[in-house]
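Chain by chain, the residues:
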Amino acid sequence: MAFFQCSSPLGVEAEQQKSDMMKMLKAFVLIGMMLGLPKAFAQDASQDTVAIPLNPAIIHKTLPNGFSYYIQKNALPKDQIQFRMVIKAGSILETEQQRGFAHFLEHMAFNGSKHFPENQLVDYLQSIGVEFGSDLNAYTGYDETVYMLPLPNSKKETLDNGFYMLGDILNGLNLTTEDIDKERSIIHEEWRTTIGLSQRLKDAMYPLLYQGSRYLDRRPIGLMSVVMGKGNEEGIRQFYKDWYRPDLATLVVVGDLNPAEIEKRIIATFGPMTNPSPEKERKYYGVPDHDNTLVKIIQDKEITSTSIKVIHKYPKHEEKTLKDLRRSVVNLLYTYMVNQRLSDVAQSPNAPYMYAQSYSTSASGNKNRYISLATVKADKIIDGTKGLMRELQRIKQYGFTQAELDRKKEILRKDFESMALEENKQTSAQLTALITNHVISGEECSTLSFKKKFVDECLKTISLSDVQSLVEEFMHGEQANRVVLLTAPASATTPSKADLLTALDQVQKEKVTPFKDTVVDAPLMTTTPKGGEIAKEVYDKDLDVTHLTFANGVTVDLKPTEFKNNEIRFTSVRNGGYSKAAADNFDNASMAATFTNLGGLSNFSSMQLDRILSAKQVYLAPYIHRYTEGVSGFSSKEDFETLMKLTYLTYTAPRKDPAKFKQFIDNKKEYNRNSLNDPDSYFADQINKEMSQHDPRTETLLTPEQLDRLSLDKSFDFYKSRFNSAKGAHFIIVGSFDVNTIKPLLTTYLGGLPAGPVDASFNDEGIRPPKKGMSFDYPRNTVDKSKVVIRYTGDFPASQKDRVEMGLLGDILTIRLNQKLREEIGGVYSPYAAANVFKYPYTHYRMDIFFTCASANRDALVNAAVGQIKEMQKGISATNLDKVKKAALKDRKASLQMNGYWRKLLEDQWSRGESKVNFEQYNKDIQSVTAKDLQKMARKYLKANKHLEFTLSPNPEAIKK
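Keep in mind that what you see is a predicted model, and the values were worked out from it rather than measured.

Rules behind the numbers
- Residues numbered from 1 in each chain as written.
- Predicted model: local features only at pLDDT ≥ 70, side-chain atom pairs only at ≥ 80, totals over all residues.
- Heavy atoms only, no water.
- pLDDT = per-residue confidence, 0-100.
- Contact = heavy atoms within 4.5 Å.
- Core = buried A, V, L, I, M, F, W, Y, C linked by side-chain atoms within 4.5 Å.
- Buried < 20%, exposed > 50% of the residue type's maximum accessible area, 1.4 Å probe, protein only.
- Pairing = 2+ DSSP bridges.
- Helix = DSSP H or I, 4+ residues; strand = E, 2+ residues; numbered from the N terminus.
- Axes fitted to C-alpha atoms, helices over the stretch in contact; angles between N-to-C directions.
- Arc of directions from axis to C-beta.
- UniProt positions renumbered as here; feature names shortened; annotations may be inferred.
- Phe/Tyr/Trp six-rings, centres within 6.5 Å; stacked < 30°, edge-to-face > 60°.
- Parallel < 35°, antiparallel > 145°, perpendicular 65-115°, else oblique.
- Nonpolar A, V, L, I, M, F, W, Y, C, P; charged D, E, K, R; others polar.
- Salt bridge = Lys/Arg side-chain N within 4 Å of Asp/Glu carboxyl O.

### Focus: the confidence of the model for the protein
Okay, step 1: When pLDDT is averaged along the protein, the result is 93; 95% of the residues meet or exceed 70.
Okay, step 2: Residue range residues 1-45 is modelled with pLDDT below 50. Its contacts to residues more than four positions away, or to other chains, number 156 contacts.

Here is the structure:
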């Protein structure tokens, strides 16, 4: 069901779940649509047989040997080309002796082939600006392996090497024993990053989700006993021979290309390849039915909250005809409505659960899943379970209201209208992802304009009875093919399996009352502000930015763009933040924006406000950070005035809601009570404390006692002290607008904001990290896994050139860490360095090194990592410098085509007091960096024995158990 797929919050199927719950709606195409919508769009029997054809802009062909390919010309971004090689073979095809070899082969594709011996492939791609991991990558699933290659240009040499690589993947991997044995430890370290709670949850859940299925024993990561078993390399070669073959391979190519040239290259590269003889049958596996309900209660000391999940397995619906697609539209409406219901209940006083969702999602094999889940309080598990199922039962008994359906129809119509406006702004990466999903899962792959037209037609005929038919399908209440999962902290007192089943049975027999909808028929504002005056206007031709200064002290940067057709990004910033709060009011001040936002605006509660805005493409929220405050949001062109109204009300008419505050505190205490049982959360919290040397104003997880001491009145008063005046606020608006068209709205709503006296500066509270080198160890892991953070920090110059140099230094360090710690030592999977320079409260840098390893190897790997810095202090490789420069210039070029990047760029310019000179100089600053510059920087800022080491290590007692 491509039209709307939901990702599973089970947290246990990352390798297979590709869609997010509110991921924006995909659909279908019909050739000849330029002549208008075909008669088959009408709701009649012809929809049963009208197939969903492919987007006519896509070339799709199959060679005589079975190799298939898709080509689409797309000029965004200019000159760049995206490749995806899909092999329809994954871990499900492994024999018992090959478990892990599908994934192993994915690794070996980058470790020696006919045209790129050893690690020359990664080295070459980095030399043209392709970054390993963020650009060049791959993944292995149960049923497919996918290789991703983005090329930064379409030069002949680049294309030659791209096709050499892709051809080698299918028919040219070396797979030497030496290379295979060298890679074993790297895969083992990748496995290490997955162990812990996530693996324990899989171990507990998968026997129920995949009972009796081959999928149960074919996780892509494999068995480490097989991966580490030297002498079994022939099994890897056999898997390669059996399954990496033309008739199971598909190439997707999208970009600024010549289709005829690309097609010629595909035929020349892949046409001569042959399938093995005899050819092994590619079997497809399913998930058997079971006639009872499977129940599992899972408790673990690292689980931080209590959740109930009721899962129904049901046969997959193929999406082949227009009738199938209409069903998907109905499912979209249903999913919107059911989750709005559950959200409304969660916001009500004395709600039975804290959060809930209900939706259908794809899964491996021949089954989809309908999942209903709720996060509940540990002492109210049965009440929460009943509360969730009661709302679903209410829908089953009474259905939805016409008002709900009409509201969601309008939302859906607007969603697709907005999507269709961006049809000519889709990037090659986006289009490649759509085609790849079509290849793997059979998802539709059509034009956005077709989707809009099809949805518009469907919305005219879809009725409440259509939606109710899905309700009956999803909420049938049968025990067959049902799974109930309860996950809870080890300290929780849980009901028995029988108690859970009894609760479900009781709710099914209840006679519930009809739903009462919240309907709001009122304007957001009843009067228009008086507005203000523009005191100064300056146009910067080089940046194409208009600077406005209003009489009330508000300033605005306006950057119209053509990157999107219907997107406006919006933010404001002013110095201050909760650094202005007294020490004894720190917690109240730090939560002030959150608590105020809970209350809604003006005369409207947050739920009423949601109703008013439901069919609008608009969002706005206030923020109060430590040193800054403001608002942040976005809108469509049509809803820009609504964005301005929300901004005006956020400053002038905040609202507090004591009931929502109480509910938030109660829920937060439940969430926070066990949060630090998660080793990663504890680790981050401790690093934060140490970096501030345990200053009482450290942002940290609030205890139940601290939460009880919070005051809504004090928080609200602090909010008003920062938002009662907009004087000194700097607004940044980037996107698809005309300056002269929106200027009157800005004058009315931003120029009309109050401008009383306010201190627009931040307080430097003197919070600083330790000055000397120190090491901190936190033995909290329950598995043999050490997470290491090595941090260098201190004062730093404010210039752009220095920031550029520090960033390039971090990128080179990442290359060296991978070469040493991963490729040479084999002790880690994905080490990296991250360099940042911060403006507040003083200009300072942070160079972090991250990796995960076996605890026994920790010290040696830390020494090796620090050793790479020492080597850089001796000299910087010109080759590595050239690689990172090209990558930085490529990334900058791509970023400058995004509204979000411009919004952040203009905000940073304002906060740093920089100008267009810095913008114009940026690429020159990158190009002018020398190896000597970076060597000096490494010596000055990455000094020996001055770094901080943080380690999340195994708890010896837990490991023994």
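This is not the end of the story, as more comes after the structure.
### Describing the nonpolar core
Okay, step 1: In terms of nonpolar packing, the biggest core is built from 78 residues, with Phe-67, Phe-83, Leu-125, Leu-251, Ile-266 and Phe-270 touching the most fellow members.
Okay, step 2: When residues no more than four places from it in sequence are discounted, the contact partners of Phe-270 are Leu-63, Asn-65, Phe-67, Met-85, Phe-163, Leu-166, Gly-167, Leu-170 and Leu-251.
Okay, step 3: The next biggest cluster of nonpolar side chains, apart from the first, holds 52 residues, and it includes Tyr-370, Ile-381, Phe-400 and Leu-470.

### Details of the sheet that holds strand E15 (residues 568-575)
Okay, step 1: Within the open sheet, the 7 strands sit side by side as E12-E13-E14-E18-E15-E17-E16. Their pairing is mixed. One side of each edge strand has no neighbouring strand; the edge strands of this open sheet are strand E12 (534-540) and strand E16 (618-624). Taking each pair of neighbouring strands and ignoring which way they run, the sheet shows an average axis angle of 15 degrees.
Okay, step 2: Bridging between E16 and strand E17 (residues 628-635) involves 7 bridges; their strand directions are antiparallel. Following the sheet pairing, Val-618 is matched in E17 by Ser-635.
Okay, step 3: Of the strands in this sheet, E15, E16, E17 and strand E18 (730-735) touch helix H19 (residues 640-652), which is tilted by about 25 degrees from E16.

### Concerning the sheet that holds strand E20 (residues 786-795)
Sheet strands line up and pair through hydrogen bonds in the backbone, either parallel or antiparallel.
Okay, step 1: Pairing is mixed across the open sheet formed by 5 strands, whose spatial order is E19-E23-E20-E22-E21. The open sheet has two edge strands with one neighbour each: strand E19 (774-781) and strand E21 (832-838). Adjacent strand axes in the sheet meet at a mean angle of 15 degrees, parallel and antiparallel pairs treated alike.
Okay, step 2: Judged from the 10 bridges that link them, E20 and strand E22 (residues 844-853) form a sheet pairing that is antiparallel. Paired with Val-789 across the bridge in E22 is Phe-850.

### Observations concerning helix H30 (residues 931-941)
Okay, step 1: Every buried residue belonging to H30 is among Leu-934, Gln-935, Met-937, Ala-938 and Tyr-941, and all of these are buried. Burial along H30 is one-sided: seen end-on, the buried residues are contained in an arc of 160 degrees. Those residues of H30 that are exposed and aimed more than 90 degrees away from the buried face are Lys-932, Lys-936 and Lys-940.
Okay, step 2: On the buried face of H30, the contacting elements are E20, helix H25 (800-824), E22, helix H26 (858-874) and helix H27 (878-895).

### A few points about the UniProt feature "domain: Peptidase M16 C-terminal" (unreviewed entry) in the protein
Okay, step 1: In the UniProt entry, the feature "domain: Peptidase M16 C-terminal" (unreviewed entry) is given for residues 236-412 and 710-887.
Okay, step 2: Taken end to end, residues 710-887 is 42% helix and 23% strand, and its two terminal C-alpha atoms sit 47 Å from one another.

### Description of the packing of aromatic side chains
Okay, step 1: One pass over the full model with this rule turns up 38 aromatic pairs.
Okay, step 2: Between Tyr-578 and Phe-586 the ring centres are 5.4 Å apart and the planes differ by 85 degrees, which places this aromatic pair in the edge-to-face class.
Okay, step 3: A residue is classified by how much of its surface remains accessible, and Phe-586, at 5% relative accessible area, is buried.
Okay, step 4: Consider the rings of Tyr-845 and Tyr-941, whose centres lie 5.1 Å apart with planes at 70 degrees: the pair is edge-to-face.

### Quick word on unusual backbone geometry
Okay, step 1: With omega at 0 degrees, the peptide bond leading from Ser-277 into Pro-278 counts as cis.
Okay, step 2: Counting through the fold element by element, Pro-278 comes out in the loop between helix H8 (259-270) and strand E7 (293-300).
Okay, step 3: Geometrically, the link from Tyr-840 to Pro-841 is a cis peptide bond, its omega value of -10 degrees lying close to zero.
Okay, step 4: Locating Pro-841 in the fold gives a position in the loop between E21 and E22.
Okay, step 5: In the Ramachandran plot, Gln-693 falls in the positive-phi region, its phi being about 55 degrees despite a non-glycine side chain.
Okay, step 6: Examined against the element boundaries, Gln-693 turns out to sit in the loop between helix H21 (679-691) and helix H22 (704-709).
Okay, step 7: Residue classification places Gln-693 among the partly exposed residues on the basis of a relative accessible area of 48%.

### Looking at the packing of helix H2 (residues 120-127) against H27
Relative orientation and spacing of two packed helices are given, respectively, by the angle between their axes and the distance between those axes.
Okay, step 1: Remark: H2 packs on H27, axes separated minimally by 8 Å, with the N-to-C direction vectors making an angle of 55 degrees. With respect to H27, the element H2 is oriented oblique. Within the contact between the two elements, H2 uses Asp-123, Gln-126 and Ser-127 and H27 uses Asp-882, Lys-883 and Lys-886.
Okay, step 2: Among the residues making up the contact of H2 with H27, the classes are represented as no nonpolar, 2 polar and 4 charged.

### Brief notes about the pattern of salt bridges
Okay, step 1: This model, assessed by the stated rule, comprises 71 salt bridges.
Okay, step 2: The partner of Arg-184 in a salt bridge is Asp-181, and the shortest N-O contact between them spans 2.9 Å. Of the two residues, Arg-184 and Asp-181 both sit in helix H4 (residues 177-194), 3 residues apart, roughly one turn of that helix.
Okay, step 3: The closest approach of N and O atoms between Asp-540 and Lys-916, which form a salt bridge, is 3.8 Å. Highlighted residues: Asp-540 in strand E12 and Lys-916 in helix H29 (residues 916-928), separated in sequence by 376 residues.

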